[in-house]
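Structure at a glance
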Amino acid sequence: MSTINELRVGVVGVGQRAALAEYAQRPGYARVVSCADPTERGQADARRLFGQDVTVHDDHRAMADDDLDAVFICTPDHIHTEPVLHFLKAGVAVFVEKPLAISVEDCDEMLAAAKEHGTRLYVGHNLRHLPVLRAMRALIDDGAIGSLRAVWCRHFVGHGGDYYFKDWHAERAKTTGLLLQKGAHDIDVIHWLAGGYSRQVTGLGALTVYGENPHRRSAADGPGTQRMPEWFDLEAWPPARLRDLNPTIDVEDLSMLTVRLDNGVFASYQQCHYTPDYWRNYTVIGDAGRLENFGDGLEGDAPLVRVWNARRSGYRVEADVTVEIGPGDAERHGGADERLVAEFLRFAAEGGRTETSPVAAREAVAAGVAATVSMRDGGRPVAVPAVDPELAAYFAGHQRAR
Ligand SMILES: NC(=O)c1ccc[n+]([C@@H]2O[C@H](COP(=O)([O-])OP(=O)(O)OC[C@H]3O[C@@H](n4cnc5c(N)ncnc54)[C@H](O)[C@@H]3O)[C@@H](O)[C@H]2O)c1
């Protein structure tokens, strides 16, 4: 740690997501002082986002002289592992974006390195800070639906074509697949709501719409300098009319998984990248009730959670309990991002308990990888390997060596 009280913060990978680190600009408490990105665009964005005084490098290894206390890793998914290991070894507290990695082996290597070097590791599963999901979790914890038995999540990725089929997200080599890339959020939420981890999964899915679209960028043009908001086009409807798709598209645009958790809960998750609307719907069923969200607050909407738990009936719109959640901040994931960064900075500075969990992040990757294997092999059941118990114990103790 630096000798002054203000945390010196770095950012590696200054793309679309790096704006998250603006929440770390808290004079007297934390300040972004150094960034690394190999591209001119990323380096220009570093100065635009964090000020002209920020030191800008083209390689994270050059940040060694910047005396960092904490670093945000916001590179594409397949480029998380190397910088994470580098900073863990250097003793710099790491925030890494979800998914932790695109393979279980890489996740386990990162967990082991955090333990070996005693350096704090934090994974940016921001949905654990989303108000509507926190309200659902509180209702479950309060016993509103009895003992939890099933979690079903339907994920309508309405802007999927723009978000996931125009850049690296569309390539297996860079994501493994979208059931992991995008699904890691909800697999983690399913685990968090249910209080267990996936141990056996099946997956099904295919490339059903975007594979037929011939309007691809030329591979010779390279990845380009645009960021996602610059190519986003709400007017392109139906999604088959989208243009300038990624030259390689080999991930699925429709996928689903079913899963048995280690505590006997059953869950399912369905993801579609061309629905007209963009939100996620959770139905959580216990042995004495059911709850469901309507809206999720991620697009500035004001969601409701409805709980049916007082009597049996036919179809009934009015629930026995309705919880109203205020409107979310559409720009910053319903307000979840600000809470996420605040938690990371506190953890980097002081340690202690956090809402997000590196082991849970690894378990989300493990389930997503297994479901992808299953999906690409006829939907056969695939076992999900559990994390090393010694690593699990270290992280359960909030990353304090015994
Ligand atoms: N939690 C969330 O809600 C959320 C939302 C969006 C993205 N993400 C995650 O954030 C990460 C970044 O996504 P993005 O949308 O910003 O991607 P992006 O493509 O917009 O930006 C990635 C940046 O990393 C840079 N980069 C590539 N290789 C690098 C290297 N070796 N060293 C340093 N920089 C390098 C690129 O030049 C680019 O500027 C991904 O892991 C993604 O899954 C999470």
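1. Examining the environment of Glu-343
Within the secondary structure layout, Glu-343 lies in helix H10 (residues 336-350). Overall, Glu-343 belongs to the buried group, its relative accessible area being 10%. Each C-alpha atom, one on Glu-343 and one on Thr-354, is 7.0 Å from the other, the two residues being 11 residues apart in sequence. The residues touching Glu-343, leaving out its near neighbours within four places in the chain, are Tyr-122, His-129, Thr-354, Glu-355 and Thr-356. A polar contact of 2.8 Å, which involves the side chain of Glu-343, links it to the backbone nitrogen of Glu-355.

2. Describing the pattern of salt bridges
For the structure shown, the criterion picks out 25 salt bridges. When the shortest N-O distance is used, the salt bridge between Glu-355 and Arg-134 registers 3.4 Å. On the criterion of sequence distance, the pair formed by Glu-355 in the loop between H10 and helix H11 (358-375) and Arg-134 in helix H4 (residues 131-141) is long-range, its members being 221 residues apart. Given a relative accessible area of 30%, Arg-134 falls into the partly exposed group. For Arg-353, the salt bridge identified is with Glu-355, shortest N-O distance 3.7 Å. For Arg-353, a relative accessible area of 52% gives the class exposed. Residues participating in the shared-partner salt-bridge network are Arg-41, Asp-45, Arg-48, Arg-227 and Glu-230.

3. Here we look at the site of the ligand
Lining the immediate environment of the ligand, one finds 26 residues, of which Arg-17, Asp-37, Asp-77, His-80 and Trp-168 sit closest. Interatomic distance of 2.7 Å between a backbone N/O atom of Arg-17 and an oxygen atom of the ligand. Separating an oxygen atom of the ligand from a side-chain N or O atom of Asn-126 is a distance of 3.1 Å. For the ligand, whose unbound accessible area comes to 850 Å², protein coverage reaches 86%.

4. Here we look at the sheet that holds strand E7 (residues 148-156)
Adjacent strands of a sheet form backbone hydrogen bonds with each other and so pair up, either parallel or antiparallel. In spatial order, the strands read E14-E13-E12-E11-E7-E10-E9-E8-E15; together these 9 strands make up an open sheet with mixed pairing. The two strands at the open ends of the sheet, each matched to only one other strand, are strand E14 (321-324) and strand E15 (382-383). Pairing of strand E8 (residues 198-206) with strand E9 (residues 254-261) involves 8 bridges; the strand directions are antiparallel. Among the inter-strand pairings, Leu-204 is bridged to a residue of E9, identified as Met-256. In the packing of H11 onto the sheet, contacts are made with E8, E9 and E15, and the angle to E8 comes to roughly 50 degrees.

5. Details of helix H8 (residues 183-194)
Helix length check: H8, at 12 residues, gives a terminal C-alpha distance of 16 Å against a target of 16 Å (1.5 Å per residue), a fit within 8%. Here H8 lies mainly inside the structure; 12 of its 12 residues are buried. One or two residues past the end of H8 sits Gly-195, with phi positive at roughly 70 degrees.

6. Concerning the layout of surface pockets
In this structure, the second largest pocket occupies an estimated 510 Å³ of space. Looking at the second largest pocket, it is lined by 24 residues, and the ones nearest its centre are Arg-128, Thr-354, Glu-355, Thr-356 and Ser-357. Of all the secondary structure elements, the ones that give two or more residues to the lining of the second largest pocket are H4, H8, H11 and helix H12 (389-396).

7. Quick notes on empty space enclosed by the protein
Evaluation of the coordinates by the stated rule reveals 1 cavity of 30 Å³ or more. If you add up the space inside the largest cavity, you get close to 40 Å³. In this structure, the largest cavity is lined by Ile-187, Ile-190, His-191, Ser-198, Val-201, Leu-257, Val-259 and Ala-367. Looking at the lining of the largest cavity, the elements with two or more residues in it are H8, E8 and E9. Looking at the lining of the largest cavity, the element that brings in the most residues is H8, giving 3 residues.

8. A short note on the packing of aromatic side chains
Evaluated as defined, the whole model comprises 13 aromatic pairs. Ring geometry for Tyr-163 versus Phe-232: centroids 5.7 Å apart, planes at 40 degrees, classification tilted. Of the two residues, Tyr-163 is situated in helix H5 (residues 160-164) and Phe-232 in the loop between helix H9 (228-231) and E9; the sequence distance between them amounts to 69 residues. Each member of the aromatic cluster is reached from another via a ring pair, and the members are Phe-72, Phe-95, Tyr-122, Phe-344 and Phe-347.

What counts, and at which threshold
Residues numbered from 1 in each chain as written. Predicted model: local features only at pLDDT ≥ 70, side-chain atom pairs only at ≥ 80, totals over all residues. Heavy atoms only, no water. Helix = DSSP H or I, 4+ residues; strand = E, 2+ residues; numbered from the N terminus. Buried < 20%, exposed > 50% of the residue type's maximum accessible area, 1.4 Å probe, protein only. Contact = heavy atoms within 4.5 Å. Polar contact = N/O pair within 3.5 Å; in protein donor to acceptor, adjacent residues only side chain to side chain. Salt bridge = Lys/Arg side-chain N within 4 Å of Asp/Glu carboxyl O. Near = heavy atom within 4 Å. Areas by Shrake-Rupley, 256 points an atom, 1.4 Å probe, with all protein chains shown as cover. Pairing = 2+ DSSP bridges. Axes fitted to C-alpha atoms, helices over the stretch in contact; angles between N-to-C directions. Expected span 1.5 Å × (residues − 1). 1 Å grid on protein atoms, 1.4 Å probe; cavity = no way out; pocket = protein on both sides within 12 Å on 5 of 7 lines; lining within 4 Å. Points joined across faces, edges and corners; volume = space filled by probe spheres on them. Phe/Tyr/Trp six-rings, centres within 6.5 Å; stacked < 30°, edge-to-face > 60°.

Worth remembering: the numbers are spatial, not functional.
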